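Remarks on the overall topology
The lines below spell out each chain.
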Amino acid sequence: MKKRFLAALMACMMITSLLTACGSLKKDEAKTVKLDPDNPVTLKVWHYYNGNQQATFDKLLEKFNSTVGKEQGIYVEGYGQGSVADLDKALTSSVNEEVGAEDMPDIFSTYADTAYSIQKKGKLADLSPYFTKKELSKYVDSYIKEGYLNNDKKLYLLPVAKSTEAMLLNTTDWEPFAKAMKVTTDDLKTTEGITKVAKKYYEWTDAKTPNTPNDGKAFYGRDSMSNYFVIGMKQMGQELFRVKDGKVTVNVDKNSIKRLWENYYVPYVSGYFASYGRFRSDDVKTGNIIAYTGSTSSAFYFPDKVEEDKGSHKIDYKVLEAPIMKGGKNYKVQQGAGMAVTKSDDKHEYAATVFLKWFSKKKQNLEFVCESSYLPVLKEANNMKSVNQMIKDKKIKVDDKTYDCLKNTLDNFDKTKFYTTKTFKNGYSMRKVLDYNLSDQATADKAAIDKAIKAGASRESVLKQYTSDKNFETWYQGFCSALEKAQEANESFIVTGETEREKEEIIIADHVNTDACNHIDPGEYTVFDTCTERDQEESGR
C-alpha cells in the first residue's frame, strides 16, 4: 500500500514537473497562425512616405513579397496617402465609417496620439501575443514603451523609424563673431548659454552700423515649441503632462515655466531670436539667424549658402547636441511615427506582425532609415558601425549633414535619455497650445516693440515693459487658460487642397492671450497651411 502511494506521489510530481516545464516554455512563445502559400493573405498598408522614403519602402515591400511573404502566404500592398494630415483624415473617415470612406487598412503609419484615439474606439489589434519577450527586448526600450498606449500591457504601436533634435550652426558666419567676442561652441550647450551668446551676437552686429541703431541681427531660432516646453520641463525635473490611466494632470510649475519664458520670449522680443520663414532652416538661408534647433531628420534642408539682398555667400556647418536647461538632465525628445495594425481576424493580424517583424529587423530597418534620414529602432543597430556597413553594402548616398546628424545622435545615444509624453485625451490639441501660444505672443509683441521704437520710444524702456514680471504673469494666466480649454475641446483633422510641393492643412491651435495683445482668443481656432514631407521632418514630429 505504501509503495503504491509513493509511486502515485512520484507520478503526480513528475506530471506537475512536466506541466510546469511546459508552462515555462509557453511563457515566451509567440502566437502563430497557419497560413496557406497557395492562398496568400493580402495586406494593405497606408503610409505618408514621400520621396526617398517611399521609394525605399516600396523596394522593401517587393523584397518581402518575393521572399518571406511568398514562403508563408502573405502579400503586402503599400498605399501612400500623401501627408500626415491626409493620412489622419483618411483614417478618421474609415474609423467613423463615413459614407464613401475606404475600409480600414490592415497596417498603417501613425503617431501615438492618433493611435490612442483609434484604440479607444476598439479598432486596434493588440500586438503583444504575436511577439516573444526576447523579440520585444531587441527594440530600444523607450521606443517600444511608447507603443503601450494604456496601462494594460497591450502593445498597439510598433516603432519603425525615430528622430530626435539637434542644433545646427552656420560656422562660416559664427567664426568671426566667436573670435571677436571670445565665445566657443561650449557656450551653446545650455539653453541659457544660447540666450547669452545671442545677446552678444545682436550687440556685435548692431555695432557694425553705428549710424543705424537697433539693427542688430538675431542669432537663433527653433522649429518645435512643443518640444521646447515638454523637454525643457523634463530637463528641469518636471513633467508637464502627468498621465495616469489615460488621464492627464497639467503641471504648469510657475518657476519652471518662467525660465522657459525668459529663454525664449525675452530674447525673441529683444531681437536675439527670430522666426521669419516657415522653418528655421529658411531663416538661416536668408541670413536672419545663424543657428537653430530642429529635427535630426530635417538636417538635409540646412542651406549650403546664405542668400541676402546684398548678395550671397557659401557657408559651412557644424552639428551640435540640442541644448539642455542649465543644471538639468540630458533629456532629448523622442519622435517619429510607428506602425499599428487594425483589429480584424487572427490570420490578418498574424500576417501583419510577420511583415512588421521582418521590416524592423536590423538589415531592413537600417536600409530604410539610412535612405530616409531617420534613426534605427533596434538596440543592435543604434551605432555608426552598423550604419556605415549598410551605407557601404547598399552604396547608399547619404547627405553629409544628414550623416553628421546621425553620427552626433548615435555617438551620444547611450548618454542620452529619450522622452515623449504618454498618450491622453486631447493630447494633440494641447500640444498645439505649446506650439503656438508663446511663439505667437512673442511675434506679435516684437512687432509692437519695433513699431514703438520706430515712433521714437526708447528701446530700453519699451523692452523693460514687455519683459517685466507683470507681463509674464499676464501671459502665464492666459497660457494656463488655453491649456485648460484645449483639454476640454474636441479634436479633428481637416485637410483642404493640394499643390505640387505642399498640401494645405487646417490645424486646431489655441492662440495668444487677448489680455496681452489684441489677437485671437485662446479658445478659438486659426488656420495654418501646408503640410509636406518637409513639414513632417522639420515640424518636430
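Quick note: structure is the one above.
Bear in mind the structure is a predicted one, so any value in this text is a computation, not a measurement. (Residues numbered from 1 in each chain as written. Predicted model: local features only at pLDDT ≥ 70, side-chain atom pairs only at ≥ 80, totals over all residues. Heavy atoms only, no water.)

Let us now look at the pattern of salt bridges. On inspection of all chains with the given rule, the structure shows 22 salt bridges. A salt bridge links Lys258 to Asp469, with the nearest nitrogen and oxygen atoms 2.6 Å apart. Taken as a pair, Lys258 in helix 11 (residues 254-262) and Asp469 in helix 20 (residues 469-488) lie far apart in primary sequence, 211 residues in all. Arg280 serves as the salt-bridge partner of Asp283, at 2.7 Å between the closest nitrogen and oxygen. Here Arg280 and Asp283 lie together in helix 13 (residues 280-285), a separation of three residues that amounts to about one turn. The pair Asp283 / Arg280 is uniform in exposure class, with both members buried. Look at the salt bridges and you will find they share partners, linking Lys59, Glu367 and Lys394 into a network. (Salt bridge = Lys/Arg side-chain N within 4 Å of Asp/Glu carboxyl O. Helix = DSSP H or I, 4+ residues; strand = E, 2+ residues; numbered from the N terminus. Buried < 20%, exposed > 50% of the residue type's maximum accessible area, 1.4 Å probe, protein only.)

Another point: the packing of aromatic side chains. Under the definition given, this model contains 37 aromatic pairs. Judged by centre distance (5.2 Å) and plane angle (65 degrees), the rings of Tyr49 and Phe57 are edge-to-face. A relative accessible area of 4% means that Tyr49 is categorised as buried. Here Phe57 and Phe368 contribute two aromatic rings whose centre-to-centre distance is 6.4 Å and whose plane-to-plane angle is 65 degrees, an arrangement assigned as edge-to-face. A residue pair is termed long-range when its members are at least 10 positions apart, and Phe57 in helix 2 (residues 51-66) and Phe368 in helix 15 (residues 362-372) qualify at 311 residues. (Phe/Tyr/Trp six-rings, centres within 6.5 Å; stacked < 30°, edge-to-face > 60°.)

Spatial strand order, 2-1-3-14-4: five strands in an open sheet with mixed pairing. The sheet terminates laterally at strand 2 (74-80) and strand 4 (158-159), the two strands that pair on one side only. Pairing of strand 3 (residues 107-110) with strand 14 (residues 338-341) involves four bridges; the strand directions are antiparallel. Note on strand 14: the bridge partner recorded for Phe108 is Ala340. Docked against the sheet, helix 14 (residues 346-359) engages strand 1 (41-47), strand 2, strand 3, strand 4 and strand 14, running at close to 60 degrees with respect to strand 1. (Pairing = 2+ DSSP bridges. Contact = heavy atoms within 4.5 Å. Axes fitted to C-alpha atoms, helices over the stretch in contact; angles between N-to-C directions.)

A general trend in soluble globular proteins is that nonpolar side chains are found buried together. The biggest cluster of nonpolar side chains holds 75 residues, and the ones touching the most others in it are Phe57, Ile107 and Phe355. The greatest single-element share of this core, amounting to eight residues, is contributed by helix 14. Beyond its immediate stretch of four places on either side in the chain, Phe355 contacts Phe57, Leu61, Phe64, Val76 and Ile107. (Core = buried A, V, L, I, M, F, W, Y, C linked by side-chain atoms within 4.5 Å.)

This part takes up the environment of Asp173. As for its position among the elements, Asp173 is in helix 8 (residues 171-181). Along the primary structure Asp173 and Val306 are separated by 133 residues, whereas in three dimensions their C-alpha atoms are 9.7 Å apart. Asp173 has contacts with Ile290, Val306, His313 and Ile315, leaving out every residue within four places of it along the chain. At 2.7 Å, the side chain of Asp173 forms a polar contact with the side chain of Asn170. (Polar contact = N/O pair within 3.5 Å; in protein donor to acceptor, adjacent residues only side chain to side chain.)

For the rest of this paragraph, the subject is the pairing of strand 5 (residues 165-170). Counted residue by residue, strand 5 has six buried out of six residues, so it is predominantly covered. Across the two faces of strand 5 the burial is the same, with Glu165, Met167 and Leu169 and Ala166, Leu168 and Asn170 all buried. Two elements, strand 5 and strand 9 (residues 291-295), share five bridges in a ladder whose sense is antiparallel. Its bridge partner being in strand 9, Met167 is matched across the sheet by Thr293. Pairing of strand 5 with strand 12 (residues 317-321) involves five bridges; the strand directions are antiparallel. Its bridge partner lying in strand 12, Leu168 is registered against Val319.

Turning our attention to the pairing of strand 7 (residues 241-244). The alternating pattern of strand 7 places Phe241 and Val243 on a buried face, while none of Arg242 and Lys244, on the opposite face, is buried. With four bridges connecting them, strand 7 and strand 8 (residues 247-250) associate as antiparallel partners. Paired with Arg242 across the strands is Thr249, a residue of strand 8. Counted along the chain from strand 7 to the antiparallel partner strand 8, the turn is two residues long, and its residue Asp245 has a positive phi close to 55 degrees.

Each α-helix turn comprises 3.6 residues. Residues three or four places apart therefore point the same way. With 28 residues, helix 18 (residues 427-454) should cover 40 Å at 1.5 Å per step; its first-to-last C-alpha distance of 41 Å lies within 8% of that length. Within helix 18, 21 of the 28 residues are buried, which leaves it mostly tucked inside the rest of the structure. Once helix 18 ends, the next one or two residues include Gly456, with phi positive near 115 degrees. (Expected span 1.5 Å × (residues − 1).)

Let us look at unusual backbone geometry. For Lys395, which is not glycine, the phi torsion reads 55 degrees and is therefore positive. Note that Lys395 resides in the loop between helix 16 (384-394) and helix 17 (400-411). Exposure remark for Lys395: the relative accessible area of 70% places this residue in the exposed category. Although it is not a glycine, Asn426 adopts a positive phi angle of roughly 65 degrees. Of the residues examined, Asn426 reaches a relative accessible area of 6% and is grouped as buried.

In short, geometric facts, not functional conclusions.
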